[in-house]
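Summary of the model geometry
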Amino acid sequence: MKTILYPARENWEELCERPGIKKAYLESAIRDILYRVSKEKDEALRYYCEKFDGYVPGSFKVTEKELTEAEKKIPVELRDAIKTAADNIRKFHSSQLAEEPVIETMKGVRCWRKSKPVEKVGLYIPGGSAPLFSTLLMLGIPAKIAGCKTISVCTPAGRDGNVNPIILYTANYIGLKDVYRIGGPQAIGAMAYGTESIPRVYKIFGPGNQYVTMAKQLVQQEGIAIDMPAGPSEVLVVADKNANASFVASDLISQAEHGPDSQVLLLTDNKSIAERVIKEVEKQTAVLPRKELVEKSISNSSIIILRSLDECMDFSNMYAPEHLVLNTAKPETEARKVVNAGSVFLGPFSCESMGDYASGTNHTLPTNSFARNYSGVSTESFMKKITFQEVSEEGIRLLGPAVELMAEAEMLLGHRNAVSLRLKKLSDD
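Residues numbered from 1 in each chain as written. Predicted model: local features only at pLDDT ≥ 70, side-chain atom pairs only at ≥ 80, totals over all residues. Heavy atoms only, no water.

1. Focus: the nonpolar core
Counting 70 residues, the largest nonpolar core has Val121, Leu123, Leu136, Ile182 and Phe382 as the members making the most contacts within it. When residues of this core are assigned to their parent elements, the largest contribution, nine residues, is made by helix α6 (residues 133–146). Not counting chain neighbours up to four residues away, the residues in contact with Phe382 comprise Pro117, Val118, Val121, Leu123, Leu139, Pro142, Ala143, Ala146, Cys148, Phe205 and Val377. With 22 residues, the next largest nonpolar core counts Ile253, Ala256, Val294 and Val325 among its residues. (Core = buried A, V, L, I, M, F, W, Y, C linked by side-chain atoms within 4.5 Å. Buried < 20%, exposed > 50% of the residue type's maximum accessible area, 1.4 Å probe, protein only. Helix = DSSP H or I, 4+ residues; strand = E, 2+ residues; numbered from the N terminus. Contact = heavy atoms within 4.5 Å.)

Structure follows, in structure tokens:
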């Protein structure tokens, strides 16, 4: 990890830049894939499965037998852990179903909103170097709570054409039956346009690499809603002199092992903790099975030493991290300064892994500084709000003249007349 000492504020924005593929090349390549999927449907999917994944599926849809038999391949202890996580996620996301009150804005004028589920949603579940069955919990459970009618799951298969059994077990456990063995940007295209095998959806959810993220952003331009631009994972840790260096290093590594394009940052006001964390990162990385991935990610990452924790929080808000870990003596003090972050973890024992798996909060979060203007996934992400209003005779008498004046001022006389006719009718009666 690079160590940067007391950078000037005018250089902070440059330090906030994420590593990535050049956008022009990336966009062009993904547009070609999406176009071919939109025109050739399943034929294009089979072509890209063979090209990128090394297999040609006979059927994209996972069978009921594959779903149910997956349970036999999962240790009881892991099944119990998944059930515990599912319970916590369900509790937290069920609490987000709040009924809104009817508001009388003035006498005779009532306004309210109702939440309705997005009818057809698609969930993208990464399954390449790390099968993220936890993401299926994070997306599938709130989709079920929201009441979505169609929930399609797309996830890549291995070279043998089989989907990881933990993903299949998780899908079956939470009641998702429409699972398709397809990954990458071609899966996003399949859900966006629909193919002979995979239905078109109205909104697409799920994280992925830069190719998947670009595909989501491009189909959004064509009217398909997405959850957010959720790309390669990232974490920013703020630590002071009291922090346990091994804890800090473990949080950095836990994100670095997602892939070589992940980024991790440590902000501190203490040189000593920075030196100790570097040693711990090297020590802990050395024994990991994904050592090479971690090392590549770490090479894109930095330790930045600033003059105070206030400066650390200012930098963090500019960076807008997906995950923000506050490992300080008084994390609640720093938490009050948070403006931009996807999810925040307070104190030495709130490691980011808890939120990734089982605390109950959602781990599908905005990356690449999008925490400045996006929230993480919630039950509300799978719903839309419809507004209602009801105006009585008394209401239109009181409010109608104001609407007439405003419509006339905008020279929209048809709008004015819609009110005037009703007021005249009431006066005639």
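2. Quick notes on the pairing of strand β10 (residues 263–268)
For β10, a buried count of six out of six residues is recorded, marking the element as mostly surrounded by other parts of the structure. Of the two faces of β10, both are covered, the one formed by Gln263, Leu265 and Leu267 as well as the one formed by Val264, Leu266 and Thr268. Inspection of the sheet shows strand β9 (residues 234–239) paired to β10 by six bridges, in the parallel sense. Its bridge partner lying in β10, Val237 is registered against Leu266. (Pairing = 2+ DSSP bridges.)

3. A word on the sheet that holds strand β5 (residues 150–155)
Pairing is parallel in the open sheet, where five strands are placed in the order β6-β5-β4-β7-β8. The strands lining the two open edges of the sheet, one partner per strand, are β6 (178–181) and β8 (225–226).

4. Focus on the packing of aromatic side chains
In this structure the tally under the stated criterion is eight aromatic pairs. Summarising the aromatic geometry, the rings of Trp112 and Phe388 are spaced 5.7 Å apart at their centres and angled 5° between planes, so their arrangement reads as stacked. In this pair, Trp112 sits in strand β3 (residues 109–117) while Phe388 sits in strand β14 (residues 383–391), placing the two residues 276 residues apart along the sequence. What makes Phe388 partly exposed here is its relative accessible area of 30%. By the ring-pair criterion, three or more aromatic residues cluster together here, those being Tyr47, Tyr48 and Phe52. A cation over a ring is seen here: Arg18 above Tyr319, with NZ or CZ 3.5 Å from the ring centre. Positioned over the ring face of Tyr48 is Arg36, at 5.8 Å from the centre of the ring. (Phe/Tyr/Trp six-rings, centres within 6.5 Å; stacked < 30°, edge-to-face > 60°. Lys NZ or Arg CZ within 6 Å of the ring centre and 35° of its normal.)

5. Description of the sheet that holds β3
Spatially, the three strands line up as an open sheet ordered β2-β3-β14, and their pairing is antiparallel. The open sheet has two free edges, formed respectively by β2 (103–106) and β14, since each of these has just one partner strand. For this sheet, the mean angle separating the axes of adjacent strands, direction not counted, is 30°. As paired strands, β3 and β14 are joined by nine bridges and run antiparallel to one another. Counterpart to Val109 in the pairing with β14 is Val391. Of the strands in this sheet, β2, β3 and β14 touch helix α16 (residues 393–409), which is tilted by about 90° from β14. (Axes fitted to C-alpha atoms, helices over the stretch in contact; angles between N-to-C directions.)

6. What about a nonpolar patch on the surface?
There is a patch of nonpolar side chains on the surface, built from Met106, Leu398, Leu399 and Val403 and spanning about 280 Å² of accessible area. Accessibility expressed as a relative area gives 47% for Leu398, which makes it partly exposed. (Patch = residues over 30% accessible without salt bridge, like charges linked within 9 Å, V, L, I, M, F, W, Y side chains within 5 Å. Areas by Shrake-Rupley, 256 points an atom, 1.4 Å probe, with all protein chains shown as cover. Salt bridge = Lys/Arg side-chain N within 4 Å of Asp/Glu carboxyl O.)

7. Brief notes about the packing of α6 against helix α7 (residues 165–173)
Taken N-terminus to C-terminus, the directions of α6 and α7 make an angle of 20°; their axes are 9 Å apart at the nearest point. When the axes of α6 and α7 are compared, the pair comes out roughly parallel. Crossing of α6 against α7: the hand is right-handed. Contacts from Phe133, Leu136 and Leu137 of α6 reach α7 at Ile166, Ile167, Thr170 and Ala171. Residue classes in the contact of α6 with α7 are distributed as six nonpolar, one polar and no charged. (Parallel < 35°, antiparallel > 145°, perpendicular 65-115°, else oblique. Left-handed = near helix turned anticlockwise from the far one by under 90°. Nonpolar A, V, L, I, M, F, W, Y, C, P; charged D, E, K, R; others polar.)

8. Thoughts on the pattern of salt bridges
For the coordinates displayed, the defined rule picks out 19 salt bridges. Lys385 is the salt-bridge partner of Glu100, the closest N and O atoms lying 3.1 Å from each other. A residue pair is termed long-range when its members are at least 10 positions apart, and Glu100 in the loop between α5 (76–94) and β2 and Lys385 in strand β14 qualify at 285 residues. In this structure, a network of salt bridges that share partners links the residues Glu100, Arg113, Glu380 and Lys385.

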